[in-house]
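As a plain string of letters, each chain reads:
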Amino acid sequence: MPLPDLYEASVIELQAGLTLGQFTSVDLIKAYFTRIEEVNLQGPMLRAVIETNPALHGIPVLVKDNIVTVAFEGMNTTAGSYSLLKSVVLDDAGVVKRLCKAGAIILGKANLSEWAHFRGNIASGWSGRGGQCTNAYYPNADPCGSSAGSAVSASIGLAAVTLGTETDRSITCPVNQNNVVGIKPTVGLTSCAGALVSTLAEPLRLVFEAEPLINFPADRLCLFTVAGDATPVRNIIPISEHQDTVGPLTHSVIDAAIVLSVIAGPDPNDNFMLAQPTPIPDYILALSNTLLVGKRIGVPCAVFLNDSMTSNDPYVNKVFEQALETLKVLGATVVDPAYLPSAYAIYKSNNETIVLDADFKIQLNAWFDSLIANPSGVASLEDLIMFDNNNPTLKEPMGYTDQSILIESQATTGFNASYYQSLAFDKELGATSGIDAAIEMYALDALVLPAPGYTTVSAAIAGYPIVTVPLGFYPENVTIGSARPETVYPAPGIPIGLSFLGTAWSEYSLVSFAYAYEQKTQTRLQRKAYAAAILTMQLADVIEN
């Protein structure tokens, strides 16, 4: 059996190679480390990875730098901010523990939009620690975010799989722009007792920093126990417990289903998981080419397909229409239009901002309180704003100075009547009068939309799932736009994604629809990254040496 090409290598292929003895986990880690070194801070300088783990074995996974890993493993958890460098957390994130138990190794931390793009009006994919992450499909293109590094790393094979987080757009948007598959789970399906979540879009610096290779132990300790009583804390650095969720970004729906099956499930530290179905489905069983036959898939065109409201390039809707024809070929009934009753209200609403601003201040302050140590001395959101202002070289380089969201959040006064009203409105607009209403009115099995634009908002405020797969690529004659200050979007060859949306806990169906579409179109394989971003290091190079 030939060695797998790491650009496209799947979890199944890598596991088979390890089982057959074609290569060892040490070979695999060395190969991925070398691939990271080749493009992260050299060559195209994608800046996808913030740092790597000096002690590893198994299937390599990169996790976003707001997903918590304990300090003794040699990696930081900083949300891209120097204010958390060398801070000490209580425990690994619940999703990290599940990955470790399943035999994965945490290869390192992926770059992200700083504070999951909840700092200010700053380009996607930039963080103080990681710099400006960029897209591997066009030089200096916007990678979107906030899970920018996770998406770019997955797109060119810097790890077998990656994890990201989403509050609103932060998995879906980078998946859309990097030719990969992503699952934004229902809030409460995967544990958020331990990570930081992003809300907006970002550019390519994937890795924050790399450590030299050292000896690999035979076994890796995944659990960190704290003596005495400990107050449960978020295992992602939080924006909002009402919207934050952790999900996989991978080459394929198969790999995404494998990872989701591992990381989904109960966590006693996360109260939002009490509502999840039991048992959790095995999402691998959803992988069938025939599960779109007879299904009704709705197209909520009002607002979401209006270019004047979404600011999408007209080409997006053109390639989306081709996708609808493919769904029909696969046996689905496409219901077009299938209006969301709340679509225009969602477009005009400011309720999400009110909820996120209040949640972020309270939950971030609690996060700082939970740390065992933080050498920077930052202990609150107020301290963080001052830290950034007092360290302009590290935190506020030219073009990346804005802290308007942090300042807006600091000005909030807690869980008041306005907050609770906005939280209730969010659920009404996103779920009751939104996704659930459309599914019931038109007897739908799911909704489908192009991933760019306002596609994520209704699912975000409802806490509902999205599965996104490759749809197409911008044409060579597309007008290149500026994403400021260093990145561009759109640009020739930049990917576009297709998103399937559903009600709470509908991941099994959405995975099956995405898989059938992916297998029929094979869009990811139609185009590779630009030449300088395609890595030369393969497993054979490591084994031969």
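Residues numbered from 1 in each chain as written. Predicted model: local features only at pLDDT ≥ 70, side-chain atom pairs only at ≥ 80, totals over all residues. Heavy atoms only, no water.

## As for the pattern of salt bridges
As a working rule, side chains carrying opposite charge can pair if their charged atoms are close by.
Then comes step 1: For the structure shown, the criterion picks out 11 salt bridges.
Then comes step 2: The closest approach of N and O atoms between K328 and E325, which form a salt bridge, is 3.2 Å. Here K328 and its partner E325 are both found in helix 9 (residues 314–329), three residues apart, which amounts to about one turn of the helix.
Then comes step 3: On the basis of relative accessibility, which here comes to 43%, the residue K328 falls in the partly exposed class. (Salt bridge = Lys/Arg side-chain N within 4 Å of Asp/Glu carboxyl O. Helix = DSSP H or I, 4+ residues; strand = E, 2+ residues; numbered from the N terminus. Buried < 20%, exposed > 50% of the residue type's maximum accessible area, 1.4 Å probe, protein only.)

## Notes on the packing of helix 3 (residues 94–101) against helix 7 (residues 253–263)
Any two packed helices are characterised by how steeply their axes cross, that is the angle between the axes, and by the distance between the axes.
Then comes step 1: Between helix 3 and helix 7, the shortest axis-to-axis distance is 8 Å and the interhelical angle comes to 110°. Our classification of the angle between helix 3 and helix 7 gives roughly perpendicular. For helix 3 against helix 7, the interelement crossing comes out right-handed. Contacts between helix 3 and helix 7 pair V95, R98 and L99 from the former with V259, V262 and I263 from the latter.
Then comes step 2: In terms of residue class, the contact of helix 3 with helix 7 is made up of five nonpolar, no polar and one charged. (Axes fitted to C-alpha atoms, helices over the stretch in contact; angles between N-to-C directions. Parallel < 35°, antiparallel > 145°, perpendicular 65-115°, else oblique. Left-handed = near helix turned anticlockwise from the far one by under 90°. Contact = heavy atoms within 4.5 Å. Nonpolar A, V, L, I, M, F, W, Y, C, P; charged D, E, K, R; others polar.)

## Remarks on helix 9
Then comes step 1: Helix length check: helix 9, at 16 residues, gives a terminal C-alpha distance of 24 Å against a target of 22 Å (1.5 Å per residue), a fit within 8%.
Then comes step 2: Listed as buried for helix 9 are V316, N317, V319, F320, A323, L324, T326 and L327. Down the axis of helix 9, the smallest arc covering the buried residues is 165°, so these residues share one side. The exposed residues of helix 9 that point more than 90 degrees off its buried face are P314, K318 and V329.
Then comes step 3: Residue D313 occupies the N-cap position of helix 9, its side-chain oxygen lying 2.9 Å from the main-chain nitrogen of Y315.
Then comes step 4: One or two residues past the end of helix 9 sits G331, with phi positive at roughly 100°. (Expected span 1.5 Å × (residues − 1). Arc of directions from axis to C-beta. Polar contact = N/O pair within 3.5 Å; in protein donor to acceptor, adjacent residues only side chain to side chain.)

## Thoughts on the nonpolar core
Then comes step 1: Residues L327 and F500 are the most contacted members of the largest nonpolar core, which totals 143 residues.
Then comes step 2: In this structure F500 touches L327, L447, V448, P465, I466, V467, V469, L510, F513, A514 and Y517, once residues within four positions along its chain are discounted.
Then comes step 3: Among the nonpolar cores identified, the runner-up in size contains six residues, and A154, I171, V180 and L249 belong to it. (Core = buried A, V, L, I, M, F, W, Y, C linked by side-chain atoms within 4.5 Å.)

## What to know about unusual backbone geometry
Then comes step 1: Residue P279 is bonded to the preceding T278 through a cis peptide linkage, with omega at -5°.
Then comes step 2: Following R484, the chain continues into P485 via a peptide bond in cis, with omega recorded as -20°.
Then comes step 3: Even without being glycine, M45 reaches a positive phi, approximately 50°.
Then comes step 4: Here M45 shows up in the loop between helix 2 (25–39) and strand 1 (48–52).
Then comes step 5: Of the residues examined, M45 reaches a relative accessible area of 34% and is grouped as partly exposed.
Then comes step 6: With a phi close to 55°, W115 is a non-glycine residue in the positive phi region.
Then comes step 7: Relative to the elements of secondary structure, W115 occurs in helix 4 (residues 114–117).
Then comes step 8: The class for W115 is buried, based on a relative accessible area of 0%.

## Concerning the state of the cysteines
Then comes step 1: Per the counting criterion, the structure on display carries one disulfide.
Then comes step 2: Note on C133: no disulfide assigned, nearest cysteine sulfur contributed by C144 at a separation of 11 Å.
Then comes step 3: We note that C192 lacks a disulfide partner, and the nearest cysteine sulfur, in C100, lies 17 Å from it.
Then comes step 4: Taking the relative accessible area as the measure of exposure, C192 reaches 3% and is therefore buried. (Disulfide = S-S within 2.5 Å.)

## With respect to the side chain of Q403
Then comes step 1: One can find Q403 in the loop between helix 13 (392–395) and helix 14 (404–410).
Then comes step 2: By relative accessible area, which is 4% here, Q403 ends up buried.
Then comes step 3: With near-sequence residues (within four places) excluded, Q403 lies in contact with R119, G120, L384, I385, D388, N389 and E396.

## Focus: the packing of helix 11 (residues 351–370) against helix 15 (residues 417–441)
Then comes step 1: Between helix 11 and helix 15, the least distance of the axes is 8 Å, while the angle of their chain directions is 130°. The angle between the axes of helix 11 and helix 15 places the two elements in the oblique class. In the packing of helix 11 onto helix 15, the handedness of the crossing is left-handed. The segment helix 11 lies against helix 15, with N351, E352, I354, V355, A358 and D359 engaging S418, Y419, S422, L423, F425, D426 and L429.

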